[in-house]
Amino acid sequence: MSRKQGRLKARFEQLAAEGRAGLVTFLTAGDPDREMSSAIIEGLPEAGADIIELGMPFTDPMADGPAIQASSIRALNAGQDMKATLAMVKSFREKDDDTPIVLMGYYNPIYIYGVDRFSEDAANAGVDGLIIVDIPPEEDAELREPANKAGIDLVRLTTPTSDEQRLPALMEGASGFIYYVSIAGVTGTKSAASSNVADAITRIQKFSDLPIAVGFGIKTPEQAAEIAKVADAAVVGSAIVQVIADNVANSDGIKDSPDLLKSVLKFVSELAQGVRTARS
Amino acid sequence: MTTSPIEKPNSFKALPDSDGHFGIYGGRYVAETLMPLILSVEKAYDEAQADPAFQAELDDYLKHYVGRPSPLYHARRLSEHLGGAKIYFKRDELNHTGAHKINNTMGQILLARRMGKERIIAETGAGQHGVATATVCALFGMKCVVYMGETDIARQAPNVFRMKLLGAEVIPVTSGSGTLKDAMNEALRDWVSNVDDTYYIIGTAAGPHPYPAMVRNFQKIIGEEVRQQMMEAEGRLPDSLIACIGGGSNAIGLFYDFLDDEDVAIYAVEAAGKGIETGEHAASLSAGAPGVLHGNRTYLLQDDDGQITEAHSISAGLDYPGIGPEHSWLHDSGRVNYVPITDDEALEAFQLCTQLEGIIPALEPSHALAHVGKLAPTLPEDHLLVMNMCGRGDKDVFTVAEALGVTL
């Protein structure tokens with residue numbers, strides 16, 4: 001399968017040309033099951049997602065709050081594994097060769113898959129970037145080098161605790177974009193004030209020319225719009241995953257809501273509307 | 001996954017390197033939010049180590065509050081019963097709070113105070129580390145939050161109440177299997193959310209650098225005392241050392257001072273639960289593979305997809321799917337022999353020790369005792385064997401009663 005170089009770069013250039021920020025949507029691959037998860041992902045670009053972030057489920061998601069923890073468990077219980085996640089990307093690529101896909105998760109499943117084999121298989125499937133929560137720059141060479149060689153960006157994370165002393169080290173070797181974690185905390189909990197986010201972006205821009213996406217704690221179209229005024233992209237995860245949780249079968253014997261797919265995509269459209277009109 | 005044996009180093013005591021690696025193990029696999037904090041803990045610890053006043057203050061508390069040195073006791077009746085080696089117990093269960101855990105919590109709370117932190121968090125399995133943390137927090141008037149899996153809360157009720165009496169808030173963790181692994185996830189989530197005022201007292205020689213080395217250094221007093229006490233008692237070094245291992249802090253505490261004494265044989269006992277072959281165990285070295293979890297690379301119980309699998313042990317303190325990174329390295333290097341002991345074998349040793357020596361051991365060192373029972377009869381009478389009695393068993397009487405089918 002042919003692989004187009006630089007989907008992330010092309011997408012951020014396109015967004016800059018349109019004079020707007022992008023919407024990055026997070027879902028856990030295989031949540032609530034592989035078939036539904038694939039259907040949601042395939043509907044995301046039309047609903048207004050500019051970049052797709054796909055979670056690789058893990059048993060011990062230490063940086064995640066309750067919503068994404070639960071999504072990881074749903075996916076694992078439905079039999080999701082790394083091979084299935086890469087197969088989902090590959091099948092998405094058969095229909096969409098433009099929307100960048102970034103895999104997000106924890107290092108152990110990649111380490112066990114093997115960093116070289118993973119990098120090759122992910123690149124062949126059509127993955128553009130990786131966000132690995134528990135591998136800071138001090139440890140990431142063993143993954144970054146094979147990933148970069150295969151044409152995949154390793155996205156570096158910066159946080160409210162990344163001061164000006166640490167930022168240069170974070171930017172060295174960074175590619176794709178910079179992910180600013182806007183709160184000190186886990187996903188889906190508190191939200192940052194947009195003035196603090198604007199200050200952080202100014203600080204990061206002193207050290208990097210890469211686009212900056214902001215995530216953690218963005219739950220509503222209004223909050224996404226606020227962030228879209230100052231950042232290159234707004235990332236929404238837990239709030240989308242929560243829409244899935246609200247529509248899946250529960251222990252009371254109620255089956256998956258027939259509206260699951262529609263509900264998720266409708267919420268994504270609302271977020272996209274917020275992001276797209278933020279600067280007008 | 002197979003690991004090739006590593007070349008014999010000049011010293012087994014030279015690691016970790018400056019980035020916290022023991023060979024391929026260890027390191028700092030944490031979220032970026034925590035990195036500046038981890039680096040500041042390392043800096044503060046390095047400064048404390050270089051400050052004689054810090055060590056003097058710690059020594060003073062260890063002597064007058066903890067009750068160190070703990071005795072080295074010749075277990076005559078057990079030695080006679082087993083026939084063979086001369087068995088000594090290092091009596092760390094006589095420390096204040098009843099286990100070795102306080103050696104470490106005392107060191108770390110003094111460090112947290114130096115760093116100006118006001119709030120302490122900890123994870124606990126058996127509750128011994130939670131109690132030891134709540135104790136030093138009470139001593140210094142600091143706020144204490146302990147994360148404990150709900151399964152462990154149910155089987156360690158006395159320790160839960162003890163922590164509450166000491167003023168700690170005990171937060172039940174319901175995710176996963178509700179044991180030590182899940183408590184550690186939740187403690188890390190707390191820390192990442194409260195980076196400004198909170199210090200995390202990790203209870204074992206695991207986690208991101210500098211914890212494995214720091215916890216080892218606070219525990220190595222166990223082995224240093226044994227060396228001196230054995231010289232006084234027998235005029236020579238012990239021939240064998242035995243300790244149980246969950247994360248591995250009591251074991252590395254006993255072993256570390258002897259790692260370069262080639263003639264001292266060293267055994268660490270992993271919890272084999274219902275038997276390695278059943279899959280229900282906590283033997284990460286015997287049946288796991290290297291992976292990355294909780295801030296370090298080390299041997300983990302996991303499946304082919306890199307998902308962490310549930311550990312099982314009758315002993316809550318050993319019920320963890322990983323192990324400290326230095327043990328992974330010592331395993332690969334061949335310096336320490338890691339052996340499995342089942343729940344049933346540990347229960348039998350628990351009863352034997354109680355009846356012959358009048359010492360009720362915790363279920364954790366009962367695993368080490370069970371291996372003593374296997375090893376001692378094969379050894380000559382002049383063989384000096386030291387087992388670390390790292391905790392007392394009062395907390396376990398309900399679990400043991402249930403396992404033996406006794407209603408209290």
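Residues numbered from 1 in each chain as written. Chains lettered and ligands numbered in written order. Predicted model: local features only at pLDDT ≥ 70, side-chain atom pairs only at ≥ 80, totals over all residues. Heavy atoms only, no water.

A.B. asks: Just checking my understanding: could you explain the pairing of strand β6 (residues 143-149) of chain B for this structure?
C.D. replies: The side chains of a regular strand alternate, residue by residue, between the two faces of the sheet. Residues and elements named next belong to chain B. Of all 7 residues that make up β6, 6 are buried, and the element is covered over most of its length. One ladder, built from 6 bridges, connects strand β5 (residues 119-124) with β6; its direction is parallel. Counted as the bridge partner of arginine 119 is lysine 143 from β6. At this point the chain moves from β5, through helix α5 (residues 128-140), to the parallel β6, and the crossover so formed is right-handed. Sheet analysis places β6 next to strand β7 (residues 169-173), joined by 5 bridges and oriented parallel. Counted as the bridge partner of glycine 149 is valine 173 from β7. (Buried < 20%, exposed > 50% of the residue type's maximum accessible area, 1.4 Å probe, protein only. Helix = DSSP H or I, 4+ residues; strand = E, 2+ residues; numbered from the N terminus. Pairing = 2+ DSSP bridges. Right-handed = clockwise from strand over helix to strand, strands pointing away.)

A.B. asks: Just to check I follow, could you spell out the pattern of salt bridges for this structure?
C.D. replies: A side chain with one charge can pair with a side chain of the opposite charge if their charged atoms come near. For the structure on display, the rule yields 41 salt bridges over all chains. Salt-bridge contacts for Lys395(B) lead to Asp396(B); the nearest nitrogen and oxygen are separated by 2.7 Å. Of the residues examined, Asp396(B) reaches a relative accessible area of 1% and is grouped as buried. Through salt bridges with shared partners, a single ionic network connects Arg7(A), Arg93(A), Asp97(A) and Asp128(A). (Salt bridge = Lys/Arg side-chain N within 4 Å of Asp/Glu carboxyl O.)

A.B. asks: Just checking my understanding: could you explain the packing of helix α10 (residues 221-230) of chain A against helix α12 (residues 260-277) of chain A for this structure?
C.D. replies: A packed helix pair is summarised by two numbers, namely the angle formed by the two axes and the spacing between the axes. Residue and element names in this part refer to chain A. Their axes nearest at 7 Å, the elements α10 and α12 cross at an angle of 35°. α12 is crossed by α10, and the crossing has right-handed handedness. In contact with Pro221, Ala224, Ala225 and Ala228 of α10, α12 contributes Phe267, Glu270, Leu271, Gly274 and Val275. A class-by-class count of the residues in the contact of α10 with α12 yields 7 nonpolar, 1 polar and 1 charged. (Axes fitted to C-alpha atoms, helices over the stretch in contact; angles between N-to-C directions. Left-handed = near helix turned anticlockwise from the far one by under 90°. Contact = heavy atoms within 4.5 Å. Nonpolar A, V, L, I, M, F, W, Y, C, P; charged D, E, K, R; others polar.)

A.B. asks: Explain the nonpolar core here, please?
C.D. replies: As a rule of thumb, soluble globular proteins bury nonpolar side chains together. Phe177(A), Tyr179(A), Leu34(B), Ile109(B), Trp191(B), Tyr199(B) and Tyr200(B) are the most contacted members of the largest nonpolar core, which has 87 residues in total. Non-local contacts of Leu34(B), meaning those with residues more than four positions away in its chain, are made with Leu188(B), Trp191(B), Val192(B) and Val195(B). Ranked by size, the runner-up nonpolar core spans 74 residues in total, among them Ile110(A), Ala174(A), Ile178(A) and Val236(A). (Core = buried A, V, L, I, M, F, W, Y, C linked by side-chain atoms within 4.5 Å.)

A.B. asks: Before we go on, may I ask you to explain the interface of chain A and chain B in this structure?
C.D. replies: How big an interface is tends to be stated in terms of accessible area lost as the parts join. Across the contact, 36 residues belong to chain A and 36 residues belong to chain B. It is Met62(A), Tyr111(A) and Glu139(A) in chain A that bury the most area against chain B; as a group they hold 21% of the surface buried on that side. In this assembly, chain A and chain B are joined by 3 salt bridges. Put simply, Arg297(B) and Glu142(A) hold a salt bridge, and the shortest N to O gap is 2.8 Å. Here chain A and chain B share 19 residue pairs in polar contact (both at pLDDT 80 or more) between them. (Buried area = accessible area lost by both parts, 1.4 Å probe. Polar contact = N/O pair within 3.5 Å; in protein donor to acceptor, adjacent residues only side chain to side chain.)

A.B. asks: I'm lost on the sheet that holds strand β1 (residues 21-22) of chain B in this one. Help?
C.D. replies: Remark on secondary structure: sheet strands pair via backbone hydrogen bonds, oriented parallel or antiparallel. All names here are of chain B. Strand order in the open sheet formed by 4 strands is β1-β2-β12-β11, with antiparallel pairing between adjacent strands. With partners counted over all chains shown, the strands left at the sheet margins are β1 and β11 (289-293), one partner each. Relative to strand β2 (residues 25-29), β1 is paired through 2 bridges, and the arrangement is antiparallel. Opposite phenylalanine 22, over in β2, you have tyrosine 25 as the bridge partner.

A.B. asks: Explanation requested: the environment of Arg28(B) in the structure shown.
C.D. replies: All names here are of chain B. As for its position among the elements, arginine 28 is in strand β2. Residue classification places arginine 28 among the buried positions, given a relative accessible area of 3%. Residues arginine 28 and alanine 268, spaced 240 residues apart in sequence, show a C-alpha to C-alpha distance of 25 Å. Among the polar contacts listed, one links the side chain of arginine 28 to the side chain of glutamate 42, at a separation of 2.9 Å.

A.B. asks: What is the right way to read the packing of helix α2 (residues 52-66) of chain B against helix α4 (residues 101-114) of chain B from this model?
C.D. replies: Residue and element names in this part refer to chain B. In the contact formed by α2 and α4, the axes pass within 10 Å of each other and the chain directions differ by 140°. Taken together, the axes of α2 and α4 lie oblique to each other. For α2 against α4, the interelement crossing comes out right-handed. Residues Phe54, Glu57, Leu58, Tyr61, Leu62, Tyr65 and Val66 of α2 form the contact with α4, whose participating residues are Ile102, Asn103, Met106, Gly107, Leu110, Leu111 and Arg114. (Parallel < 35°, antiparallel > 145°, perpendicular 65-115°, else oblique.)

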